[in-house]
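Here is what each chain is made of, one letter per residue.
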Amino acid sequence: MAVMIKEPEISEQFDLDDIRKIRTYNAARYEHMTSAEIVADTKEISFYRDKG
C-alpha cells in the first residue's frame, strides 16, 4: 500500500528546522527505494530545478 507523503512547508528564513523537515521528508520517500532509484530520483529533481 502506497502512502502519500505531504511535502514539508519551508519557512522564509530557511533555518535548521527546515533542513530537518526536508531530511525527514526525503527519508520517508526513500524508505522503500533501492540506491539506484534514489540516485535516479535525485538526478531527475536536479534536472527540473536547473530548467527553472
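A brief report on the enclosed structure follows. (Residues numbered from 1 in each chain as written. Predicted model: local features only at pLDDT ≥ 70, side-chain atom pairs only at ≥ 80, totals over all residues. Heavy atoms only, no water.)

Let us look at the overall build of the chain. Across its full length, the chain holds 2 helices and 0 strands. Of all 52 residues assigned to the chain, the portion counted as buried reaches 8%. Accessible surface, the chain: about 4900 Å² in total, of which carbon and sulfur atoms supply 55%. (Helix = DSSP H or I, 4+ residues; strand = E, 2+ residues; numbered from the N terminus. Buried < 20%, exposed > 50% of the residue type's maximum accessible area, 1.4 Å probe, protein only. Areas by Shrake-Rupley, 256 points an atom, 1.4 Å probe, with all protein chains shown as cover.)

We now examine the pattern of salt bridges. For the coordinates displayed, the defined rule picks out 3 salt bridges. Measuring nitrogen to oxygen at the nearest pair gives 3.8 Å for the salt bridge that ties K21 to D18. Here K21 pairs with D18, and both are found in helix α1 (residues 16–30), just 3 residues apart, close to one helical turn. The partly exposed category is assigned to K21, whose relative accessible area is 32%. D41 is paired through a salt bridge with R29; the nearest N and O atoms lie 2.6 Å apart. Highlighted residues: D41 in helix α2 (residues 35–51) and R29 in helix α1, separated in sequence by 12 residues. One continuous salt-bridge network, built from bridges that share partners, spans D17, D18 and K21. (Salt bridge = Lys/Arg side-chain N within 4 Å of Asp/Glu carboxyl O.)

We now examine α1. An α-helical segment advances 3.6 residues per turn. Residues three or four places apart therefore align on the same side. For α1, built from 15 residues, the straight-helix expectation of 21 Å at 1.5 Å per residue is met to within 8% by its first-to-last C-alpha distance of 21 Å. Buried within α1 we find D18, Y25 and Y30. Down the axis of α1, the smallest arc covering the buried residues is 120°, so these residues share one side. Exposed and facing more than 90 degrees away from the buried side of α1 are L16, R20, R23 and T24. (Expected span 1.5 Å × (residues − 1). Arc of directions from axis to C-beta.)

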